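Descriptive structure summary
Residue strings, one per chain:
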Amino acid sequence: MDLTPRKDYFGEFDPSRVPTPCFVVDEIALRDNLEVLADVQQRSGAKVLAALKAFSMFSIGHIVAEYLSGTCASGINEAKLGFEEYGGKDLGKEVHVFSAGYKEQELKEILEFAHHVIFNSFSQWKRYKSLCLEAQKKRPELQFGLRINPEHSEGHTPIYDPCAPCSRLGIVRSLFDGEDLTGISGLHFHTLCEQDFKPLERTIAAVEEKFGDLIPQMEWINFGGGHHITRCDYQVEELIAAVKAFSEKHGVQVYLEPGEAVALFCGVLVGEVVDLTWNGKNQAILDVSATCHMPDVIEMPYRPEITGASLPGELPHSYQLGGQSCLAGDRIGEYSFADPLKIGDKIVFEEMAYYTMVKTNTFNGIPLPSIALWNSDTDELRLIKEFGYEDFKGRLS
């Protein structure tokens, strides 16, 4: 996997210009990604949707709407955000929604504005079928689909593998036997996570093998997300050829739902050293917390990259970095630096746009990071939002 950005977007960024902690997103990097996705969309015939579960910085929703066909959501709130802020309401951009389980009142609201509503089980579809078909009479553009589980795993981390044994996501082929598909116009599968084309190619083959007899009844097939299309080493030409071949073979509209690919290389998280201690190792306490600001560091787990830092021992001064929370495991990782750290030093964590802002929390009352938009061409910086006590208090009662 080559996570080298197309250019050094943040090479000239001055982290002292923002309060800490702060997410900073580069508009130019975002547009570069969107141009790649728009090119895939235009040449393949697929419709590309931005997956809001990965990146929901809605202040740039109008930019996304310039390039893509719409958004996909994992529930009522993301769906409303896509409709209101990404061109669904004003530009007619598509809003697709999937949920592992809909509540009736939520679904009623979704049916008022969504384009595709995808169900995770026959029991949910049967429960709400009459409600859905009645809504469709008023809005003919409204269509319904089922999420399928091809029982073909490509994921490397079990917690992120929708096709793991006994998964709660998607309907396996055996459950389709004897079912009436009247009212269903599409199928959706999602099996990938941060992967290139070859796993998708194998998944398509598995889908055709298990669900090939059902595809002729469909108008569209959604290939889901997890496609790292904007990565430098992604096989874009092969993807385009495969989408065109599948669409022509089966006579269906193909959808792609990249999330991370929209925001790859687009964002950093700037933190500050607030204390330096020692207990067997040099310790640096930051105002950035793994558990509060980038929980995948603990859940995945992984070690985020820091600009100018290296593995412990490779540079003269090594530290274990951690956050301000009371969680003993609030550790970000071990790093080495060319110069000794000082209180007040700024630390820049790379690749912090996707699955970061959407997962932040206020455990211990630790403040949420501010959000800023930067333009690496013009050097214009705009602080979009800062969070405080009321944001913490407002989540509680």
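Just so you know, these numbers come straight off a predicted model, no measurement behind them.

The next subject is helix H6 (residues 197-211). With 15 residues, H6 extends 20 Å from end C-alpha to end C-alpha; this agrees with the ideal 21 Å at 1.5 Å per step. For H6, the complete set of buried residues consists of Phe197, Pro199, Leu200, Thr203, Ile204, Ala206, Val207 and Phe211. Turning to H6, the residues buried within the fold contact helix H7 (236-250).

On to the sheet that holds strand S5 (residues 116-119), then. Paired through their backbone hydrogen bonds, the strands of a sheet run either parallel or antiparallel. Taken in spatial order, the eight strands of this closed barrel run S2-S3-S4-S5-S6-S7-S8-S9, and their pairing is parallel. The sheet shows a mean angle of 25° between the axes of neighbouring strands, direction not considered.

The next thing to look at is the UniProt feature "binding site: substrate" (unreviewed entry) in the protein chain. The UniProt feature table records "binding site: substrate" (unreviewed entry) at Glu260 and Asp296. A compact arrangement is adopted by the annotated residues: their sequence extent is 37 residues, whereas the largest C-alpha distance between any two is 13.8 Å. On the secondary structure map, Glu260 appears in helix H8 (residues 260-263). For Glu260, the residues in contact, after removing those within four places along its chain, are Ala54, Glu194, His228, Tyr354 and Tyr355. As for its placement among the helices and strands, Asp296 is situated in helix H10 (residues 296-299). The exposure class assigned to Asp296 is buried, which follows from its relative accessible area of 13%. If sequence neighbours within four positions are ignored, Asp296 has contacts with Tyr160, Pro301, Tyr302, Tyr355 and Lys359. A polar atom in the side chain of Asp296 sits 3.1 Å from the side chain of Tyr160.

Turning our attention to the packing of aromatic side chains. The geometry of an aromatic ring pair is captured by the separation of the ring centres together with the interplanar angle, meaning the angle of the planes. Summed over all chains, the structure comprises 13 aromatic pairs. Taken together, a centroid distance of 6.2 Å and an interplanar angle of 85° make the contact between Trp220 and Tyr255 edge-to-face. Here the residue Trp220 occupies a position in strand S8 (residues 220-222), and Tyr255 occupies one in strand S9 (residues 253-256), the gap between them amounting to 35 residues. Aromatic rings pair up to connect Tyr102, Phe119, Trp125 and Phe144 into one cluster.

It is worth spelling out the side chain of His116 at this point. With respect to the helices and strands, His116 occurs in strand S5. Look at His116 and you get buried, because its relative accessible area is 3%. Within polar-contact distance, the side chain of His116 engages the side chain of His96 at 3.3 Å.

On to a negative patch on the surface, then. Taken together, the side chains of Asp8, Glu12, Glu305 and Glu350 make up a negatively charged region of the molecular surface. Mapped onto the fold, Glu350 is located in strand S14 (residues 346-350). Exposure remark for Glu350: the relative accessible area of 34% places this residue in the partly exposed category.

Inspection of the secondary structure puts Gln195 in the loop between strand S7 (186-188) and H6. The exposure class of Gln195 is buried, given its relative accessible area of 4%. Sequence separation between Gln195 and Asp377 is 182 residues, and the spatial gap between their C-alpha atoms is 30 Å. With residues up to four places along the chain from it excluded, the contact list for Gln195 reads Glu154, Gly155, His156, Gly226, His227, His228, Arg231 and Tyr234. At 2.5 Å, the side chain of Gln195 forms a polar contact with the backbone oxygen of Glu154.

Time to look at the packing of H6 against H7. For the pair H6 and H7, the least separation of the axes is 10 Å and the interaxial angle reads 15°. By the angle class used here, H6 and H7 are roughly parallel. Like other packed secondary-structure pairs, H6 and H7 cross with a definite hand, here left-handed. When H6 is examined against H7, the residues Phe197, Lys198, Leu200, Ile204 and Glu208 are found in contact with a partner set consisting of Glu238, Leu239, Ala242, Phe246, Lys249 and His250. Taken together, the residues of the contact of H6 with H7 break down into six nonpolar, one polar and four charged.

Moving on, we get to the environment of Arg202. Counting through the fold element by element, Arg202 comes out in helix H6. It is 29 Å that separates the C-alpha atoms of Arg202 and His115, two residues lying 87 residues apart in sequence. Ignoring any residue separated from it by four or fewer positions in sequence, one finds Arg202 in contact with His152 and Glu154.

Turning our eyes to something else, we now look at the pattern of salt bridges. Under the definition given, this model contains 27 salt bridges. With its nearest N and O atoms 3.0 Å apart, the salt bridge here joins Glu66 to Arg31. Highlighted residues: Glu66 in helix H2 (residues 61-67) and Arg31 in helix H1 (residues 27-44), separated in sequence by 35 residues. A salt bridge links Lys198 to Glu238; the nearest nitrogen and oxygen atoms lie 2.9 Å apart.

Thresholds, definitions, all that
- Residues numbered from 1 in each chain as written.
- Predicted model: local features only at pLDDT ≥ 70, side-chain atom pairs only at ≥ 80, totals over all residues.
- Heavy atoms only, no water.
- Helix = DSSP H or I, 4+ residues; strand = E, 2+ residues; numbered from the N terminus.
- Expected span 1.5 Å × (residues − 1).
- Buried < 20%, exposed > 50% of the residue type's maximum accessible area, 1.4 Å probe, protein only.
- Contact = heavy atoms within 4.5 Å.
- Pairing = 2+ DSSP bridges.
- Axes fitted to C-alpha atoms, helices over the stretch in contact; angles between N-to-C directions.
- UniProt positions renumbered as here; feature names shortened; annotations may be inferred.
- Polar contact = N/O pair within 3.5 Å; in protein donor to acceptor, adjacent residues only side chain to side chain.
- Phe/Tyr/Trp six-rings, centres within 6.5 Å; stacked < 30°, edge-to-face > 60°.
- Patch = residues over 30% accessible without salt bridge, like charges linked within 9 Å, V, L, I, M, F, W, Y side chains within 5 Å.
- Areas by Shrake-Rupley, 256 points an atom, 1.4 Å probe, with all protein chains shown as cover.
- Salt bridge = Lys/Arg side-chain N within 4 Å of Asp/Glu carboxyl O.
- Lys, Arg positive; Asp, Glu negative; His and termini not counted.
- Charge placed at Lys NZ, Arg CZ, Asp CG, Glu CD.
- Parallel < 35°, antiparallel > 145°, perpendicular 65-115°, else oblique.
- Left-handed = near helix turned anticlockwise from the far one by under 90°.
- Nonpolar A, V, L, I, M, F, W, Y, C, P; charged D, E, K, R; others polar.

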